[in-house]
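Take a look at the letters that make up each chain.
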Amino acid sequence: MAHELQSLAVPSNAPPIPNHPPSTQKKQNPFTPRNWSRRRTCIVGVAAFVLVAAAVGVGVGVSLSNSTSRGDTGSGQWSPASNDFVFDGQGITIPPSNLAFVTRDANIGLLYEGSNIFRFVSVNMPDLTGIIDRTAYSGRATAPSLGAFIFPNVFEIDNALISVSQMSGRVVRPYCISYGASPRHYQGRGIYGEGAFRELDYVIARAGNLGVRVMVPLIDMWNWPAGGAFTFARLATPGRYTTVLAAQRAFFTDRDLIDEFKSFIGFIMNRTNTFNGLRYGDDPAVFGWQLGNELGGWNRDYGIGGGFQVAGSWVLEIAQHLKQNLRVKQLVIDGVLGGEDGTKWPSESLTSPNVDVITNHYYSGQDYVGRITRDGRTAARNKKALIATEYGLAADLNIEIQLANFVADPSLSSIAGSISVAGALYWSFRFQARDGGFYTHFESGTFYSYHWPGFDGSISNRVPTNGFNHVARLRDASLRATNQDPSRVPWPTPTPAPVILSSQSGRLRWAGSAGAYTYEIGKSTDRGSSFVSYANVSAGMVWRDDMAAMYTDAAVASSGTDDVQYQVRAVGRGGAASAWSRAVSASG
């Protein structure tokens with residue numbers, strides 16, 4: 001069955017699935033509302049060291065001295081970790097995309113795809129580079145275990161990327177390159193997770209195949225399960241730094257750490273994608289390389305809700321390394337936040353010719369449009385593009401939609417003097433699980449992740465209560481950003497057809513379809529000669545590790561008969577249906 005699931009999800013040399021043409025709470029800091037589930041770095045020492053034990057672990061690969069020095073082009077020795085996991089995409093080939101590189105006009109700061117201005121409204125899909133919401137999550141409304149970290153498989157990656165394509169997202173942002181114990185990308189000097197990189201190979205190649213570009217953040221400021229600057233420092237310079245803050249600050253100033261980071265970046269940029277054969281630094285499916293996520297934190301004074309000023313020399317050096325030494329063809333995107341007052345970018349981020357894009361995050365529900373207008377003016381004055389790499393978690397959803405509409409409509413930003421505003425990425429969406437239902441992520445309070453194509457749920461079921469209308473409004477903004485009239489674009493047909501995974505005694509589970517709003521269940525009592533529509537269930541159900549079935553045929557379950565067959569198909573929000581699944585018997 002796993003074989004069938006893989007082949008249905010991604011046929012070899014699969015053609016692109018095109019976009020459908022026209023026919024009040026305060027954003028605080030590493031451990032409050034939105035951040036409690038993501039950023040626990042500056043919590044007291046005990047919690048920090050518990051995290052390190054989970055994230056760093058014990059090195060298990062053969063550690064080879066990296067022969068590169070002072071952070072050169074990453075051509076030195078390296079070793080795959082000896083206990084590495086194996087990504088499930090073996091045997092799949094994906095042709096290189098026909099995308100053009102997105103570039104910045106250095107005279108005005110606008111982004112272009114060829115001769116056309118490039119704008120987008122899309123989403124963060126954090127779990128694309130590591131799922132933290134799968135282990136022991138049933139019935140729980142709190143943050144996931146810090147030690148839980150696995151990679152998505154082919155089906156899940158496809159479900160995520162096809163969903164972004166269906167919403168005309170154009171760009172997707174997964175979470176950061178990971179650091180720590182296996183199966184993460186960086187596990188120590190010269191010890192890299194080949195399975196993790198093969199998974200990233202697939203994400204990039206398949207995204208380009210679908211007409212979607214990937215923004216790749218190179219490191220996290222915080223020690224989420226992916227690991228961040230602290231974990232990197234502990235792995236690269238064992239014993240040198242014993243506190244989170246010391247390691248985070250040193251990441252930007254310690255020559256050994258800077259050189260090791262540059263060497264690792266060199267390895268990444270020079271890697272040849274095992275699915276499409278392209279060097280990472282030469283692949284237009286990569287939208288850009290973000291120097292990191294929320295580097296320096298939110299404010300200038302480190303503490304509960306703070307951060308520190310990132311050394312501008314670090315930004316200059318890393319950006320120059322990418323553009324001049326490694327000669328990447330994609331955008332270089334700064335990862336230092338402008339902060340809530342829009343003044344936290346180092347001057348070097350604004351003036352370096354090697355930095356194409358500056359970024360900020362918009363939380364707390366406080367005048368998102370006013371803040372992005374101010375930040376856009378800063379970008380325009382310095383001939384940079386500006387991207388809201390995260391926004392959301394507002395009690396008043398209209399505040400979020402106003403930002404999305406502002407980014408989507410160039411006339412609004414032009415009038416405001418912030419024409420350089422190029423994109424916005426909503427925080428956040430999760431995709432469907434390999435064994436049925438959606439992953440979900442708890443943020444804080446009543447905030448949970450959204451799911452495509454939008455469902456109204458309940459907090460007790462870990463689904464936002466407002467998803468149906470909110471996701472539709474985000475989709476409308478995505479379409480307007482690509483010069484499409486939402487009223488003329490039908491909701492997409494779900495794809496691919498579902499795959500029934502189990503059906504014993506009428507208890508059905510299936511791997512779903514991107515774009516599914518409901519599932520129709522067909523039932524045959526004449527050994528498959530004919531089927532009748534028997535039931536319809538919502539596609540918005542949430543994955544649980546104790547979920548016995550997504551649908552139970554009570555008559556069959558109680559009688560024990562197995563002389564029954566089932567089919568399932570997905571139905572989209574506009575009524576278009578996928579193909580039917582292969583029929584299976586109630587006996588298995």
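Not measured: the values here are computed from a predicted model.

**What to know about the overall build of the chain**
Within the chain one finds 15 helices and 23 strands. Burial statistics for the chain: of 588 residues in total, 62% are counted as buried.

**A closer look at the sheet that holds strand 19 (residues 518–524)**
An order of 20-19-22-23 is seen for the four strands of this open sheet, with the pairing classed as antiparallel. Lying at the two open borders of the sheet, with one neighbouring strand each, are strand 20 (532–538) and strand 23 (584–585). With six bridges connecting them, strand 19 and strand 20 associate as antiparallel partners. Across the sheet, Lys523 pairs through a bridge with Val532, a residue of strand 20.

**So, the pairing of strand 12 (residues 357–362)**
Here is the key point about a regular strand: its side chains alternate between the two faces of the sheet. Of all the six residues making up strand 12, six are buried; the element is thus mostly covered by neighbouring parts of the structure. Looking at chain direction, strand 11 (residues 331–337) and strand 12 are connected through two bridges and run parallel. Bridge pairing in strand 12 links Ile333 to Val357. Sheet topology note: the strand 12/strand 13 (residues 385–391) ladder contains six bridges and is parallel. Within the sheet, the bridge partner assigned to Thr359 lies in strand 13 and is Ile387. Crossover handedness for the path strand 12 to helix 11 (residues 368–381) to strand 13: right-handed.

**Quick word on the side chain of Arg184**
Inspection of the secondary structure puts Arg184 in the loop between strand 6 (171–173) and strand 7 (186–188). Of the polar contacts made by the side chain of Arg184, one reaches the backbone oxygen of Ala181; its length is 3.1 Å.

**Remarks on helix 8 (residues 255–270)**
If you check helix 8, its first and last C-alpha atoms are 22 Å apart, about what 16 residues at 1.5 Å a residue would give, namely 22 Å. Judged by how many residues are buried, helix 8 sits mostly within the fold: 13 of 16 residues are covered. Sitting at the amino-terminal end of helix 8 is Asp254, which places a side-chain oxygen 2.8 Å from the backbone nitrogen of Asp256.

**Focus on the sheet that holds strand 13**
One closed barrel accounts for eight strands, arranged 5-6-9-10-11-12-13-14; its pairing is parallel. Across the sheet, the axes of successive neighbouring strands diverge by a mean angle of 25 degrees, strand direction being ignored. Here strand 6 runs beside strand 9 (residues 213–217); their pairing, made up of two bridges, is parallel. Pairing of Val172 across the sheet is with Val214, part of strand 9. Against the sheet, helix 14 (residues 467–481) touches strand 5 (120–124), strand 13 and strand 14 (421–426), its axis set at about 135 degrees to strand 5.

**Notes on the pattern of salt bridges**
Evaluation of the coordinates by the stated rule reveals 24 salt bridges. Across the salt bridge formed by Asp127 and Arg430, the nearest N and O atoms sit 3.3 Å from each other. Here Asp127 is found in the loop between strand 5 and helix 4 (154–166), whereas its partner Arg430 is found in the loop between strand 14 and strand 15 (442–444), with 303 residues between them in sequence. For Arg430, a relative accessible area of 1% puts it in the buried group.

**Some points on the environment of Phe101**
Position of Phe101 among the secondary structure elements: in the loop between strand 1 (79–80) and strand 2 (102–104). Taking C-alpha positions, Phe101 is 8.6 Å from Leu331, a pair spaced 230 residues apart along the chain.

**Concerning the packing of aromatic side chains**
Counted by the stated rule, this structure contains 39 aromatic pairs. Ring geometry for Tyr426 versus Tyr450: centroids 5.8 Å apart, planes at 65 degrees, classification edge-to-face. Linking Tyr426 in strand 14 with Tyr450 in the loop between strand 16 (447–448) and helix 14, this pair joins segments that are 24 residues apart in sequence. Take Tyr426 and Tyr450: they sit in the same class, and that class is buried. An aromatic cluster is present here, built from Tyr179, Tyr186, Tyr192, Phe197, Phe232, Phe251, Phe252, Phe261, Phe264, Phe267, Phe308 and Trp314 joined pairwise through their rings.

**Some remarks on the pairing of strand 9**
Within strand 9, five of the five residues are buried, leaving the element largely enclosed by the surrounding structure. The alternating pattern of strand 9 places Arg213, Met215 and Pro217 and Val214 and Val216 on opposite faces, both of which are buried. In the sheet, strand 9 pairs with strand 10 (residues 286–290) via four bridges, with the strands oriented parallel. Pairing of Met215 across the sheet is with Gly288, part of strand 10.

**Regarding unusual backbone geometry**
Across residues other than glycine, the phi torsion is negative in most instances, and most of the peptide bonds are trans. The omega angle of the peptide bond from Ser182 to Pro183 is 20 degrees, so this bond is cis rather than trans. The backbone phi angle of Leu393 is positive, close to 55 degrees, even though this residue is not glycine. The residue Asn483 is not glycine, and still its phi comes out positive at about 60 degrees. Residue position: Asn483 is located in the loop between helix 14 and strand 17 (499–502).

**Looking at the environment of Pro217**
Structurally, Pro217 can be placed in strand 9. Classification of Pro217 by relative accessible area gives buried; the value is 0%. Taking the C-alpha atoms as reference, Pro217 lies 9.9 Å from Glu294; in sequence the two are 77 residues apart. Residue contacts for Pro217: discarding those within four places in its chain leaves Arg173, Pro174, Tyr175, Cys176, Ile177 and Gln290.

**Observations regarding the packing of helix 8 against helix 9 (residues 312–325)**
Running from N to C, helix 8 and helix 9 cross one another at 25 degrees; their axes reach a closest spacing of 10 Å. One element, helix 8, and the other, helix 9, form an angle in the roughly parallel class. The two elements helix 8 and helix 9 cross, and the hand of that crossing is right-handed. Of the residues in helix 9, those touching helix 8 at Arg255, Ile258, Asp259, Phe261, Lys262, Ile265 and Met269 are Trp314, Glu317, Ile318, His321 and Leu322. Its residues placed into classes, the contact of helix 8 with helix 9 shows seven nonpolar, one polar and four charged.

**What about the packing of helix 6 (residues 229–236) against helix 7 (residues 244–251)?**
Relative orientation of the contacting elements helix 6 and helix 7 amounts to 85 degrees, with a least axis distance of 8 Å. Judged on the interaxial angle alone, helix 7 and helix 6 are roughly perpendicular. Here Ala229, Phe230, Phe232 and Ala233 of helix 6 lie close against helix 7, whose contacting residues are Val244, Ala247, Gln248 and Phe251. Of the residues that constitute the contact of helix 6 with helix 7, the class distribution is seven nonpolar, one polar and no charged.

**Overview of the confidence of the model for the chain**
Chain-level pLDDT for the chain is 85 on average; 82% of the residues reach the 70-or-more range. Put simply, helix 3 (residues 45–55) is where the chain has its lowest mean pLDDT, 35, and strand 10 is where it has its highest, 99. Note that residues 1–71 has pLDDT below 50 and, in this model, 196 contacts with residues that lie over four places away or in other chains. Contacts for the low-pLDDT stretch residues 136–147, under 50 throughout, to residues beyond four places or in other chains number 30 contacts.

The rules behind these values
- Residues numbered from 1 in each chain as written.
- Predicted model: local features only at pLDDT ≥ 70, side-chain atom pairs only at ≥ 80, totals over all residues.
- Heavy atoms only, no water.
- Helix = DSSP H or I, 4+ residues; strand = E, 2+ residues; numbered from the N terminus.
- Buried < 20%, exposed > 50% of the residue type's maximum accessible area, 1.4 Å probe, protein only.
- Pairing = 2+ DSSP bridges.
- Right-handed = clockwise from strand over helix to strand, strands pointing away.
- Polar contact = N/O pair within 3.5 Å; in protein donor to acceptor, adjacent residues only side chain to side chain.
- Expected span 1.5 Å × (residues − 1).
- Axes fitted to C-alpha atoms, helices over the stretch in contact; angles between N-to-C directions.
- Contact = heavy atoms within 4.5 Å.
- Salt bridge = Lys/Arg side-chain N within 4 Å of Asp/Glu carboxyl O.
- Phe/Tyr/Trp six-rings, centres within 6.5 Å; stacked < 30°, edge-to-face > 60°.
- Parallel < 35°, antiparallel > 145°, perpendicular 65-115°, else oblique.
- Left-handed = near helix turned anticlockwise from the far one by under 90°.
- Nonpolar A, V, L, I, M, F, W, Y, C, P; charged D, E, K, R; others polar.
- pLDDT = per-residue confidence, 0-100.

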